[in-house]
Amino acid sequence: MPDSTPNEESCVGSPAHKTTPPGSPSHRALEILSTTPPGSPPSLRLSLLSLNKPDTLKSTSNPTSKVEGNVFAMDKKLRQNKPRLLLMGQRRSGKSSITSVVFHKMPPQETLFLESTTRIQKDSVRSFMDFQVWDFPGQLDYFDPTFDTTEIFSEIGALVWVIDAQDDYSDSLNRLTTTIINLQNTFPHINVEVFVHKIDSLNEELRSDIYQDIVQRVNDDLSDAGYINPNITYHLTSIYDHSIFEAFSKVIQKLIPQLNTLENLLTVLVNNCGMAKAYLFDILSKIYVASDSGPIDMEVYEMCSDYIDVIVDITDIYGYERSHNVVLGEQMQEAESSVTVHDGTMIYLKEMNRYLCLVSVIKNDEARDKKGLIDYNCHIFQDALNEVFARNWEKDKAVTNGNGEQQADADANADAASA
Ligand SMILES: Nc1nc2c(ncn2[C@@H]2O[C@H](COP(=O)(O)OP(=O)(O)OP(=O)(O)O)[C@@H](O)[C@H]2O)c(=O)[nH]1
């Protein structure tokens, strides 16, 4: 199983120097572009301290019943283990294409040559959060007594049901509702995410009709079976545009316990820097982990997502090899880049750690002229972010000598082997 972790060495190091160290008087920099009263402490840190508490999947009810026991087990396992995304649906609906495009950078056209999946394909994704993606063969009946359904569904983060919108989807809907009904007894809290897929060749009107039809039929079937307001989210997707990344982002975000914290941090950053929008992206998959509280503009999102490709491509060609054991001294370790496009909009990208990068859009003239300040604020944001995740890779980073990196790689290989 390939390790989908982005390679730290593929990042471009900016020749710029680190700005004023935290704790210096210019900590007030955050306030210069903001309405925060002078002298306030950095609000990013305050947000972090007040919000950095796991707040999902808590249950105080009696764990003796089977269902409640499962909720507890899921809660515990999701925190300790890698949550699983199960990709299910009919044959040729596009499941393997989705994992190949999102997690393996396969160009969409090449999915035409993918062979049908015959056994469960398990991908282990190592990133800001480790998770697994299980691609099920379309014909598999996982409620067959020979399958251990508890084993399959117990550590599940989300069930992603892929429907080919260009085909007759009646059978797929029947299987979907049967699956949900079967799971209701043992795992009632599972997130079901329905991808109404292959919408690229459908016009707007047809997309909307098919979407409505699917939602209606699933709701009707489930309410006939006695389930009102099932926990299902629908997404219109295609591997030929950004919609599949957008949909996967939404699925992954539900699994991040720190999502509220991240969104608050980004909102503070955006407000203080005069940014129009900011996204925190997973560099390898281009899934966005969080964004500020402003509305999502697909055009801006696509621009930010494309910009990551530009930087990663340039890095592949011109980036330098970083030796694990060399101290970089004053030089910034993070990639950083900005470009101003035809309408004066600035796109600003900054690597946050080996997995995540911040991409923001700045339209405000005053803000654009104060890039040094934005750099500084992003450093504060970076510190806060790394505290939120407080992960092993940060410990590795701190160990600039010794074998920290090799140990991390060994861990990665061990994980991949066991997956
Ligand atoms: N037009 C279009 N075709 C797609 C899209 N996604 C996948 N396909 C095509 O759908 C076909 C089947 O895709 P697969 O990914 O192999 O389907 P699968 O669900 O994994 O199939 P099984 O392995 O048999 O279960 C391929 O020819 C893909 O190129 C999409 O978004 N739009």
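Analysis parameters
- Residues numbered from 1 in each chain as written.
- Predicted model: local features only at pLDDT ≥ 70, side-chain atom pairs only at ≥ 80, totals over all residues.
- Heavy atoms only, no water.
- Buried < 20%, exposed > 50% of the residue type's maximum accessible area, 1.4 Å probe, protein only.
- Helix = DSSP H or I, 4+ residues; strand = E, 2+ residues; numbered from the N terminus.
- Pairing = 2+ DSSP bridges.
- Phe/Tyr/Trp six-rings, centres within 6.5 Å; stacked < 30°, edge-to-face > 60°.
- Lys NZ or Arg CZ within 6 Å of the ring centre and 35° of its normal.
- Axes fitted to C-alpha atoms, helices over the stretch in contact; angles between N-to-C directions.
- Contact = heavy atoms within 4.5 Å.
- Polar contact = N/O pair within 3.5 Å; in protein donor to acceptor, adjacent residues only side chain to side chain.
- Salt bridge = Lys/Arg side-chain N within 4 Å of Asp/Glu carboxyl O.
- Domains from an automatic or database assignment.
- Buried area = accessible area lost by both parts, 1.4 Å probe.
- Nonpolar A, V, L, I, M, F, W, Y, C, P; charged D, E, K, R; others polar.
- Parallel < 35°, antiparallel > 145°, perpendicular 65-115°, else oblique.
- Left-handed = near helix turned anticlockwise from the far one by under 90°.
- Near = heavy atom within 4 Å.
- Areas by Shrake-Rupley, 256 points an atom, 1.4 Å probe, with all protein chains shown as cover.
- Expected span 1.5 Å × (residues − 1).
- Arc of directions from axis to C-beta.

J.: How should I be thinking about the pairing of strand β10 (residues 346–351) in this particular structure?
T.: Remember that side chains alternate between the two faces of the sheet whenever the strand is regular. Judged by how many residues are buried, β10 sits mostly within the fold: 6 of 6 residues are covered. Here β10 shows a buried face lined by Met346, Tyr348 and Lys350 and a second buried face lined by Ile347, Leu349 and Glu351. Where strand β9 (residues 336–340) and β10 come together, 5 bridges link them in antiparallel fashion. In the strand pairing of β10, Ser337 is matched with Leu349. Connecting the antiparallel pair β9 and β10 is a turn made up of 5 residues, with Gly344 showing a positive phi of about 90°. With 6 bridges joining them, β10 and strand β11 (residues 356–362) adopt antiparallel strand pairing. Note that in β11 the partner of Tyr348 across the bridge is Ser360.

J.: Hey, could you run me through the packing of aromatic side chains in this one?
T.: Under the counting rule described, the total for this entry stands at 11 aromatic pairs. Consider the rings of Tyr279 and Phe281, whose centres lie 5.7 Å apart with planes at 45°: the pair is tilted. With respect to class, Tyr279 is no different from Phe281; both count as buried. Grouped by ring-pair contacts, the aromatic residues Phe103, Phe131, Phe195 and Phe248 constitute a single cluster. Here Lys122 stacks its cationic end above the ring of Trp134, 4.4 Å away from the centre of that ring. Over the aromatic face of Phe245 sits the side chain of Lys286, whose NZ or CZ is 5.4 Å from the ring centroid.

J.: Just to check I follow, could you spell out the sheet that holds β9 for this structure?
T.: Two strands in a sheet stick together by hydrogen bonds in their backbones, pointing the same way (parallel) or opposite ways (antiparallel). Across the sheet, which stays open at both edges, the 5 strands sit in the order β8-β7-β11-β10-β9 with antiparallel pairing between neighbours. Of all the strands in the sheet, just β8 (288–291) and β9 have a single pairing partner and so form its edges. Sheet twist, expressed as the mean angle between neighbouring strand axes with direction ignored, is 15°. Looking at chain direction, strand β7 (residues 277–282) and β8 are connected through 3 bridges and run antiparallel. Bridge pairing links Phe281 to Tyr288 in β8. Against the sheet, helix α12 (residues 371–389) contacts β7, β9, β10 and β11, and its axis sits at roughly 40° relative to β10.

J.: What exactly am I supposed to notice about the side chain of Ser285 here?
T.: Looking at the element boundaries, Ser285 is found in the loop between β7 and β8. Its relative accessible area of 3% is what places Ser285 among the buried residues. A distance of 2.5 Å separates polar atoms of two side chains, one belonging to Ser285 and the other to Asp282. When sequence neighbours within four positions are dropped, the list of residues in contact with Ser285 reads Val102, Phe103 and Phe245.

J.: It is not clear to me how the pattern of salt bridges should be interpreted in this structure. Could you clarify?
T.: As a working rule, side chains carrying opposite charge can pair if their charged atoms are close by. Taken as a whole and judged by the stated rule, the model has 8 salt bridges. Glu193 is paired through a salt bridge with Lys254; the nearest N and O atoms lie 2.8 Å apart. Of this pair, Glu193 sits in strand β5 (residues 192–197) while Lys254 sits in the loop between α8 (243–253) and α9 (259–273), and the two are 61 residues apart along the sequence. Asp292 is the salt-bridge partner of Lys277, the closest N and O atoms lying 3.4 Å from each other. Highlighted residues: Lys277 in strand β7 and Asp292 in the loop between β8 and α10 (298–318), separated in sequence by 15 residues. Of the two residues, Lys277 and Asp292, neither departs from the other in class, the shared state being buried. Three or more residues joined by partner-sharing salt bridges are found here, namely Glu336, Lys371 and Asp375.

J.: Help me understand the domain arrangement of the chain, please; the structure alone is not making it clear to me.
T.: Many analyses report the size of an interface as the accessible area lost when the parts associate. Split by domain assignment, the chain resolves into domain 1 (8–53 + 258–418) and domain 2 (66–253). In this assembly, 25 residues from domain 1 lie in contact with 17 residues from domain 2. Interface area for domain 1 against domain 2, summed over the two sides, is near 1,900 Å², with a carbon-plus-sulfur share of 55%. For the interface between domain 1 and domain 2, the tally reads 0 salt bridges. Counting every contact that joins domain 1 to domain 2 gives 6 residue pairs in polar contact (both at pLDDT 80 or more). Of all the elements in the fold, those that place two or more residues in the side of domain 1 that touches domain 2 are β8, α10 and α14 (404–418). Each residue belonging to the side of domain 1 that touches domain 2 can be placed in one class, and the counts come to 15 nonpolar, 2 polar and 8 charged.

J.: Whenever I open this one, the packing of helix α6 (residues 170–186) against helix α7 (residues 204–224) confuses me. Can you help?
T.: Working note: a packed helix pair is described by the angle between its axes plus the distance between those axes. Contact geometry for α6 and α7: axes closest at 10 Å, N-to-C directions at 40°. Between α6 and α7, the interaxial angle falls into the category oblique. Crossing hand, α6 versus α7: right-handed. Each of Ser170, Leu173, Asn174, Leu176, Thr177, Ile180 and Ile181 in α6 lies in contact with α7, whose residues at this interface are Ile214, Arg217, Val218, Asp221 and Leu222. Considering only residue class, the contact of α6 with α7 consists of 7 nonpolar, 3 polar and 2 charged.

J.: Explanation requested: the site of the ligand in the structure shown.
T.: Inspection of the region around the ligand gives 21 residues, with Ser96, Ser97, Ser116, Thr117 and Asp200 positioned closest. Taking His197, its side chain carries an N or O atom lying 2.9 Å from a nitrogen atom of the ligand. Within the side chain of Asp200, an N or O atom sits 2.6 Å from a nitrogen atom of the ligand. Taking 660 Å² as the accessible area of the ligand by itself, protein coverage stands at 93%.

J.: I would appreciate a short explanation of α10 in the present structure.
T.: Here α10 spans 30 Å end to end across 21 residues, near enough to the 30 Å set by a 1.5 Å rise per residue. Taken residue by residue, α10 has Val300, Tyr301, Cys304, Ser305, Tyr307, Ile308, Ile311 and Thr315 as its buried positions. Angularly, the buried residues of α10 cover 150° about the axis, an arc narrow enough to put them on a single face. Exposed and facing more than 90 degrees away from the buried side of α10 are Glu299, Asp316 and Ile317. Of the surrounding secondary structure, the elements contacted by the buried residues of α10 are α8, β7, β8, β9, β10 and β11. Sitting at the amino-terminal end of α10 is Asp297, which places a side-chain oxygen 2.9 Å from the backbone nitrogen of Glu299.

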